[in-house]
Amino acid sequence: MMIDVKDIKVSYDTKVILENFSFSVDEGLMVSIIGPNGCGKSTALKAISKFLKKTNGKVYLQGEDMDKLSAKNIAKKMSVLSQYNRNPDDITVRDLVSYGRIPHKRWYERNSKEDQKVIDWAIKETGLTSMQDESILELSGGERQRVWIAMSLAQEPKVLLLDEPTTYLDISHQLEIMELLKKLNKELNLTVIMVLHELSQAAKYSDKIIVMKKGDIIKQGSPNKIITEKLLKDVYDVDVFIDKESLKDEIIIHPLKKTVIE
């Protein structure tokens with residue numbers, strides 16, 4: 001098992017955001033956490049990655065209690081991409097990707113030939129070879145997101161956590177990023193856990209979906225087994241029509257209507 005989350009609780013002051021929150025993810029799965037705004041999806045991801053302090057509970061990474069692991073040791077196995085990623089002004093693609101080697105180095109060490117090989121590999125895997133010497137500022141939103149994913153790959157992680165990786169991207173770049181993540185998941189056996197808003201994308205690309213509402217997990221499992229019109233009505237208060245693509249066994253979700261608040 002790659003990730004095992006057991007009964008975690010997260011509070012902001014006196015407000016409880018997550019309580020008795022538990023799920024597990026096997027190695028090599030692609031998992032999406034979905035649910036309405038404010039349900040605790042991003043909070044859950046931050047708690048799993050130790051970016052946010054838990055009030056209670058445990059998270060195990062490959063069977064090891066993450067509370068007993070140093071940040072550096074965690075970074076060697078887990079990479080995290082937030083919604084908002086900032087980079088130094090006018091840094092090149094290659095230089096940003098090279099930051100992924102930091103967990104594997106002492107503070108005074110420069111990147112070795114082996115490190116450079118890993119950086120070359122991460123750049124190639126994400127299709128950035130032709131633009132590796134360009135400034136990040138010159139890239140499109142989709143290209144920048146690929147650079148951040150390349151930096152994460154350079155860490156050589158076993159698991160990749162992403163908070164809304166397609167936010168602010170047009171449909172073309174959204175699909176580009178999702179296809180890239182699926183490719184990395186399959187070819188590298190990389191475990192991917194991501195927060196997604198786009199339900200059809202979550203259903204198409206995920207091996208497992210975790211459905212949240214008001215800080216609780218109300219359903220989890222494979223998309224074809226758990227995604228129903230009733231479930232989405234209960235969670236989002238939206239009527240939908242679900243079309244199952246028979247040739248590809250994919251789920252396509254069509255929103256129909258939502259009650260207007262007067």
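Procedures and definitions
Residues numbered from 1 in each chain as written. Predicted model: local features only at pLDDT ≥ 70, side-chain atom pairs only at ≥ 80, totals over all residues. Heavy atoms only, no water. Helix = DSSP H or I, 4+ residues; strand = E, 2+ residues; numbered from the N terminus. Buried < 20%, exposed > 50% of the residue type's maximum accessible area, 1.4 Å probe, protein only. Contact = heavy atoms within 4.5 Å. Areas by Shrake-Rupley, 256 points an atom, 1.4 Å probe, with all protein chains shown as cover. Lys, Arg positive; Asp, Glu negative; His and termini not counted. Charge placed at Lys NZ, Arg CZ, Asp CG, Glu CD. Core = buried A, V, L, I, M, F, W, Y, C linked by side-chain atoms within 4.5 Å. Phe/Tyr/Trp six-rings, centres within 6.5 Å; stacked < 30°, edge-to-face > 60°. Pairing = 2+ DSSP bridges. Patch = residues over 30% accessible without salt bridge, like charges linked within 9 Å, V, L, I, M, F, W, Y side chains within 5 Å. Salt bridge = Lys/Arg side-chain N within 4 Å of Asp/Glu carboxyl O. Axes fitted to C-alpha atoms, helices over the stretch in contact; angles between N-to-C directions.

Chemist: Explain the overall build of the protein chain to me, please; I cannot follow it from the model alone.
Modeler: Assigned secondary structure in the protein chain consists of nine helices and twelve strands. Each of the three principal axes of the protein chain carries a C-alpha extent, and together these read 60 × 40 × 35 Å. In the protein chain, which comprises 262 residues, the share counted as buried stands at 50%. If you take every contact in the protein chain between residues at least 6 apart in sequence, the share linking residues at least 24 apart comes to 64%. For the protein chain, the exposed surface amounts to about 13900 Å²; the carbon and sulfur share of it is 49%. Looking at the protein chain, you have 40 positive and 40 negative side-chain charges, and the mean spots of the two groups are 6 Å apart.

Chemist: I keep staring at the nonpolar core and nothing clicks. Help me out?
Modeler: Across soluble globular proteins, nonpolar side chains have a tendency to be buried as a group. Judged by nonpolar contacts, the single largest core of 50 residues is most densely connected at Val 97, Leu 181 and Ile 227. Ranked by the residues each element gives to this core, the list is headed by helix α5 (residues 141-154), at seven residues. Those residues in contact with Leu 181 that lie beyond four places of it in its chain are Met 30, Ile 149, Leu 160, Leu 162, Pro 165 and Met 194. In this structure, Met 2, Val 10, Val 25 and Val 159 belong to the second largest nonpolar core, which totals 30 residues.

Chemist: What is the right way to read the packing of aromatic side chains from this model?
Modeler: The geometry of an aromatic ring pair is captured by the separation of the ring centres together with the interplanar angle, meaning the angle of the planes. Taken as a whole and judged by the stated rule, the model has three aromatic pairs. Ring centres 5.8 Å apart and planes at 90° place the aromatic pair Phe 21 and Phe 23 in the edge-to-face group. Phe 21 gets classed as buried once you look at its relative accessible area, which sits at 2%. On the basis of an interplanar angle of 35° and a centroid distance of 6.4 Å, the ring pair of Tyr 84 and Tyr 168 is categorised as tilted. With a gap of 84 residues between them, Tyr 84 in the loop between β6 (78-81) and α3 (93-98) and Tyr 168 in the loop between β7 (159-163) and α6 (171-188) connect regions that are remote in the sequence. The pair formed by Tyr 84 and Tyr 168 is uniform in burial state, with each residue classed as exposed.

Chemist: In this structure, what is going on with the pairing of strand β2 (residues 15-25)? I would like to understand it.
Modeler: Both faces of the sheet carry side chains from a regular strand, because those side chains alternate between them. Alignment of strand β1 (residues 3-12) against β2, held across seven bridges, turns out to be antiparallel. Its bridge partner being in β2, Asp 4 is matched across the sheet by Ser 24.

Chemist: How should I be thinking about a negative patch on the surface in this particular structure?
Modeler: Where like charges cluster on the molecular surface, the negative patch consists of Asp 89, Asp 90, Asp 95, Asp 133, Glu 134 and Glu 138. Within the secondary structure, Asp 95 is located in helix α3. Its relative accessible area of 41% is what places Asp 95 among the partly exposed residues.

Chemist: What exactly am I supposed to notice about the sheet that holds strand β10 (residues 216-221) here?
Modeler: For sheets, the rule is that strands pair by backbone hydrogen bonds, running either parallel or antiparallel. If you walk across this open sheet you meet the six strands as β6-β7-β8-β3-β9-β10, and the pairing is mixed. In this open sheet, the two strands that pair with only one neighbour each are β6 and β10. Strand-to-strand twist of the sheet, defined as the mean angle between neighbouring strand axes without regard to direction, takes the value 15°. Pairing of β7 with strand β8 (residues 191-195) involves five bridges; the strand directions are parallel. In the strand pairing of β8, Val 159 is matched with Thr 191. Where helix α1 (residues 41-48) meets the sheet, it contacts β3 (30-34), β6, β7, β8 and β9 (208-213), and its direction lies at approximately 150° from that of β7. Across the face of the sheet, α6 comes into contact with β3, β7 and β8 while running at roughly 135° to β3.

Fair warning: the whole summary comes from geometry, so function is off the table for now.
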